[in-house]
Amino acid sequence: WHHPDFPRGSPGGKTRKPHPNLNRYITEYLRKQVTELIQNYGPLIVMWFDVPQDVGPELGKPTVAMVRTLQPDILINNRAYQGHGKPVGDYDTPEQRVGGFNRARPWETCMTICRQWAWKPNDKLKSRKECLQTLLRVAGGDGNLLLNVGPMPDGRIEPPPVERLQELGQRRTHYRQGVYGTRGRPVKPVQSGPATCQEQPLDQCVMHVPDTRTPR
């Protein structure tokens with residue numbers, strides 16, 4: 001959004017620049033940056049593109065091909081370009097929400113542990129219950145969870161998010177059998193909560209039990 005050749009600008013890509021040149025931005029800037037990341041800091045696990053505003057297949061597909069030439073085994077998310085309804089990349093990335101149940105195509109919920117992606121002093125932190133339920137719902141939908149934590153300017157992580165992650169790790173150990181090495185249950189989650197399965201039994205992660213008692 002800050003580059004003069006990219007058509008959109010801040011905030012959020014909602015403004016238009018007077019003299020953009022998207023082709024030059026992709027070919028002379030973005031691809032060189034991507035090449036530098038892979039060649040100087042690789043091998044990488046994943047190339048995670050973001051907000052492909054105005055970038056269509058005619059520019060995006062050659063970029064993806066270049067990435068795979070530089071590192072054939074790399075994973076690429078679905079935001080290298082606008083796919084116009086067709087699947088892009090190796091997996092989908094629902095943002096700030098739990099993705100729908102899907103065992104046919106890999107997906108990863110990307111969600112902030114606070115309210116925004118970048119660090120903000122005293123930003124409101126999601127509760128332990130909310131983080132844990134998000135993890136279990138993602139597992140039950142056969143997805144992966146990317147829980148974003150924004151570092152401070154000096155690279156450190158504020159103590160509250162660290163404590164929340166430690167709590168989540170402790171609770172995840174409790175739910176290990178229902179999370180590790182599992183797939184989303186091969187039927188859609190029911191009202192009482194999501195379910196995961198291994199080769200044998202189903203593990204039902206119950207997060208809410210409706211009150212069926214007769215009112216007095």
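Structure first, text after, so check above.
This is a predicted model, so every value here is computed, not measured. (Residues numbered from 1 in each chain as written. Predicted model: local features only at pLDDT ≥ 70, side-chain atom pairs only at ≥ 80, totals over all residues. Heavy atoms only, no water.)

If you tally the helices and strands in the chain, you get 5 helices and 9 strands. Seen in sequence order, the chain has helices and strands lined up from the N terminus as β-β-α-β-α-β-β-α-β-α-α-β-β-β. Looking at the chain residue by residue over its 216 residues, the buried ones come to 37%. Contacts in the chain between residues at least 24 apart in sequence constitute 49% of all its contacts with a sequence separation of at least 6. Split by element, the accessible area of the chain, about 13600 Å² in all, is 52% carbon and sulfur. (Helix = DSSP H or I, 4+ residues; strand = E, 2+ residues; numbered from the N terminus. Buried < 20%, exposed > 50% of the residue type's maximum accessible area, 1.4 Å probe, protein only. Contact = heavy atoms within 4.5 Å. Areas by Shrake-Rupley, 256 points an atom, 1.4 Å probe, with all protein chains shown as cover.)

Glancing now at helix α3 (residues 128-140). In this model, α3 (13 residues) spans 18 Å end to end at C-alpha, consistent with the 18 Å of a helix rising 1.5 Å per residue. Within α3 the residues assigned to the buried category are C131, L132, Q133, T134, L135, L136, V138, A139 and G140. Phi turns positive, to about 75°, at D142, one or two residues after α3. (Expected span 1.5 Å × (residues − 1).)

Relative to the helices and strands, L135 is located in helix α3. Separated by 12 residues in the primary sequence, L135 and L147 have C-alpha atoms spaced 9.1 Å apart.

Our next topic: the nonpolar core. With 18 residues, the main nonpolar core has L22, I26, V34, M47, F49, V55 and V67 as its most contacted residues. When residues of this core are traced back to their parent elements, those giving at least two are α1 (22-41) and α2 (57-70). Top element by residues in this core is α1. It accounts for 6 residues. If we skip the residues at most four places from it in the chain, I26 touches R31, V55, L59 and T63. Membership of the second largest hydrophobic core comes to 11 residues, among which are C131, L135, V138 and V179. (Core = buried A, V, L, I, M, F, W, Y, C linked by side-chain atoms within 4.5 Å.)

Our next topic: α1. The sharpest bend along α1 measures roughly 30° and falls at L30. Taken together, the buried positions of α1 are occupied by L22, Y25, I26, L30, R31, V34, T35 and I38. For α1, the secondary structure elements touched by its buried residues are β3 (46-47) and α2. (Bend = angle between axes of the 7 residues up to and from the residue.)

This next bit is on the pattern of salt bridges. Tallying each qualifying case throughout the model produces 10 salt bridges. Note that R8 is salt-bridged to D54, the shortest N-O span being 3.3 Å. A residue pair is termed long-range when its members are at least 10 positions apart, and R8 in strand β1 (residues 8-9) and D54 in the loop between β3 and α2 qualify at 46 residues. Put simply, R164 and E167 hold a salt bridge, and the shortest N to O gap is 2.6 Å. With R164 and E167 both in helix α4 (residues 159-174) and 3 residues apart, this pair spans about one turn of that helix. (Salt bridge = Lys/Arg side-chain N within 4 Å of Asp/Glu carboxyl O.)

The next thing to look at is unusual backbone geometry. For the peptide bond that leads from S10 to P11, omega is 0°, which places it in the cis range. By secondary structure assignment, the location of P11 is in the loop between β1 and β2 (15-16). The peptide bond linking G42 to P43 adopts the cis configuration, its omega dihedral lying at 0°. Inspection of the secondary structure puts P43 in the loop between α1 and β3.

Attention now moves to the side chain of T134. Along the chain, T134 turns up in helix α3. Owing to a relative accessible area of 8%, T134 belongs among the buried residues under this scheme. The residues touching T134, leaving out its near neighbours within four places in the chain, are V98, M111 and L145.

If you walk through the whole model with that rule in mind, you get 2 aromatic pairs. Relative to Y29, the ring of Y25 lies with its centre 5.5 Å away and its plane at 35°, an arrangement referred to as tilted. You can see Y25 and its partner Y29 sitting in helix α1, 4 residues apart, about one turn around the helix. Members of the aromatic cluster, each reached through a chain of ring pairs, are F6, Y25 and Y29. (Phe/Tyr/Trp six-rings, centres within 6.5 Å; stacked < 30°, edge-to-face > 60°.)

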